Amino acid sequence: MMGRLKDLLGAAAVKARQRGGQMTVELATVLPAALAIMAIVCNGMAFFSECAAFDRVARNAVRLYATVPAYGEAPAQAEENILHLLQQRFSAPNQTVAVMREDAGGYSKYTATLTFAPTLFGINLRQEVFGVQLPTVSHSASLTVDTYKPGMLL
């Protein structure tokens, strides 16, 4: 009985030694794909987080600067003020901000756009991960306001 148990344990040890490198090979084949998926997921989460903050900050900036401009201030100055505020808040190297104004029928529509370039876990030099291209994505927030002009009678 003891001899048979030793034979079974010996056979199991031989099988374990024969499969010793299998896990290493599997890890080497799966790791690049797992890193690419992690990079895409992390960039997606960072982008959605920035979109939520951008919506709030952009609309508040329009309400702050465009609805009641300073006396004698042109709409172009309000547009510059909004852009400056957004550039201060979203100043990461992989983010760019743009503001556009459209006038129609006494109303001004301000559209702020955030362009987000993906990173490799914070390193801004790469635009691809293991051959998977990471495209830039953008998000826009718009707000139409009726600009009050100080000193004018309605």
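Check the entry above for the structure.
Model, not experiment: these values are computed from the prediction.

Participant: Sorry, what's going on with the overall build of the protein here?
Facilitator: What the protein contains, in helices and strands, is three helices and five strands. Starting at the N terminus and walking to the C terminus, you meet the elements of the protein as α-α-α-β-β-β-β-β. Here the protein, with 154 residues, has 25% of them falling under the buried criterion. For the protein, contacts bridging at least 24 residues in sequence account for 62% of all contacts bridging at least 6. In the form shown here, the protein has an accessible surface area of approximately 10,500 Å², with 64% of it arising from carbon and sulfur atoms.

Participant: Explain helix H2 (residues 22–65) to me, please; I cannot follow it from the model alone.
Facilitator: Count 3.6 residues to each turn of an α-helix, and residues three or four apart come out pointing the same way. A rise of 1.5 Å per residue sets the reference length of H2, with its 44 residues, at 64 Å; its end C-alpha atoms lie 63 Å apart and thus fit the reference within 8%. Roughly 35° is the biggest bend found in H2, and it falls at Val30, with proline Pro32 one to four residues downstream.

Participant: When you look at the pattern of salt bridges in this model, what are you seeing that I'm missing?
Facilitator: Where side chains of opposite charge bring their charged atoms close, a pairing between them can arise. Summed over the entire model, instances satisfying the criterion amount to two salt bridges. Measuring nitrogen to oxygen at the nearest pair gives 3.5 Å for the salt bridge that ties Arg101 to Glu79. With Arg101 in strand S1 (residues 95–104) and Glu79 in helix H3 (residues 75–89), this pair connects stretches of sequence that are 22 residues apart. Of the charged contacts, one joins Arg101 and Asp103 as a salt bridge, the two residues approaching to 2.4 Å between their closest N and O atoms. Through salt bridges with shared partners, a single ionic network connects Glu79, Arg101 and Asp103.

Participant: How should H3 be read in this particular structure?
Facilitator: The terminal C-alpha atoms of H3, which comprises 15 residues, lie 22 Å apart, in line with the 21 Å expected from a rise of 1.5 Å per residue. In this fold, the buried residues of H3 make contact with H2, S1 and strand S2 (107–116).

Participant: Would you mind going over the packing of H2 against H3 with me for this structure?
Facilitator: A pair of packed helices is characterised by two quantities: the angle between their axes and the separation of those axes. Remark: H2 packs on H3, axes separated minimally by 9 Å, with the N-to-C direction vectors making an angle of 150°. The angle between H2 and H3 falls in the class roughly antiparallel. Crossing of H2 over H3 shows right-handed handedness. Only Ala78, Asn81, Ile82, Leu85, Leu86 and Arg89 of H3 make contact with H2, whose side of the interface consists of Glu50, Ala53, Phe54, Val57, Ala58, Ala61, Val62 and Tyr65.

So, how was this worked out
- Residues numbered from 1 in each chain as written.
- Predicted model: local features only at pLDDT ≥ 70, side-chain atom pairs only at ≥ 80, totals over all residues.
- Heavy atoms only, no water.
- Helix = DSSP H or I, 4+ residues; strand = E, 2+ residues; numbered from the N terminus.
- Buried < 20%, exposed > 50% of the residue type's maximum accessible area, 1.4 Å probe, protein only.
- Contact = heavy atoms within 4.5 Å.
- Areas by Shrake-Rupley, 256 points an atom, 1.4 Å probe, with all protein chains shown as cover.
- Expected span 1.5 Å × (residues − 1).
- Bend = angle between axes of the 7 residues up to and from the residue.
- Salt bridge = Lys/Arg side-chain N within 4 Å of Asp/Glu carboxyl O.
- Axes fitted to C-alpha atoms, helices over the stretch in contact; angles between N-to-C directions.
- Parallel < 35°, antiparallel > 145°, perpendicular 65-115°, else oblique.
- Left-handed = near helix turned anticlockwise from the far one by under 90°.

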